[in-house]
Amino acid sequence: MESNNEGELDVIISNVVATFTTGCRLDLHTIGSKGKNVIYKPKQGTVTMQLRKPRITANIWASGKVICIGASSEADAKLGARRIARCLQKLGFGVTFGTFKVVNVMATCSMPFKISLVDFTMMNRFRATYEPELHPAALYTMKEPKATIKAYATGSVTILAPSMGNVAAAVQHVYPLLSECRRPL
């Protein structure tokens, strides 16, 4: 999370959320009783299935919709989703892996300087908000590329975007803005 000698920032992907459909209805009771590493939640109408490699948690609905959470890359998310689909096939369901989509990517990076959040919000008044009574970070929203950035006074930055490309573009866009608001050491 430190910057290296060429002035580049290390962006660490901490969570990738993806969805896919199975193409058939699922019997949650059967999955809960015969499946491995599952938790059946009848009141919520879901089954939670966990994989160890890649480390993914999947929420499965009876309609056939599946949400995979916790992957560390888009490739891991797709691999985990395919493994979940295969587990459901082995339980006797006619699952076809379809409409896979990465929905959200969460990344973090650390700026090599501290940030004056009040100055940052004043300079970017229409896109940034900072309410220290509610949250210790300034919130900066971008429309193109679509991303939401939380900047902390320590220089830590969290980026939420719909794809890895948007994360990289958001970091490139916000770095000069944050650099203008450096806090003296």
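Calculation criteria
Residues numbered from 1 in each chain as written. Predicted model: local features only at pLDDT ≥ 70, side-chain atom pairs only at ≥ 80, totals over all residues. Heavy atoms only, no water. UniProt positions renumbered as here; feature names shortened; annotations may be inferred. Core = buried A, V, L, I, M, F, W, Y, C linked by side-chain atoms within 4.5 Å. Buried < 20%, exposed > 50% of the residue type's maximum accessible area, 1.4 Å probe, protein only. Helix = DSSP H or I, 4+ residues; strand = E, 2+ residues; numbered from the N terminus. Domains from an automatic or database assignment. Pairing = 2+ DSSP bridges. Axes fitted to C-alpha atoms, helices over the stretch in contact; angles between N-to-C directions.

Within an unreviewed UniProt entry, the label attached to the chain reads TATA box-binding protein-like 1, and the organism entered is Takifugu rubripes. Note on the chain: under the UniProt heading Sequence similarities (unreviewed entry), the record states "Belongs to the TBP family." Turning to the chain, the UniProt record has this under Subcellular location (unreviewed entry): "Nucleus".

A.B. asks: So what's going on with the nonpolar core? Residues and values would help.
C.D. replies: Counting 52 residues, the largest nonpolar core has I31, I60, I84, F120 and L178 as the members making the most contacts within it. In terms of residues, this core owes the most to one element, helix α4 (residues 164-179), which gives 6 residues. When residues of this core are assigned to domains, at least three map to each of domain 1 (17-103) and domain 2 (111-183).

A.B. asks: So what's going on with the sheet that holds strand β10 (residues 156-161)? Residues and values would help.
C.D. replies: As summarised here, the arrangement of the 10 strands in space is β2-β3-β4-β5-β1-β6-β10-β9-β8-β7, forming an open sheet in which the pairing is antiparallel. In the strand order of this sheet, the two ends are held by β2 (38-41) and β7 (128-130), each with one partner. Adjacent strand axes in the sheet meet at a mean angle of 15 degrees, parallel and antiparallel pairs treated alike. Relative to strand β5 (residues 65-71), strand β4 (residues 56-61) runs antiparallel, the two sharing 4 bridges. Paired with T57 across the two strands is I69, which belongs to β5.

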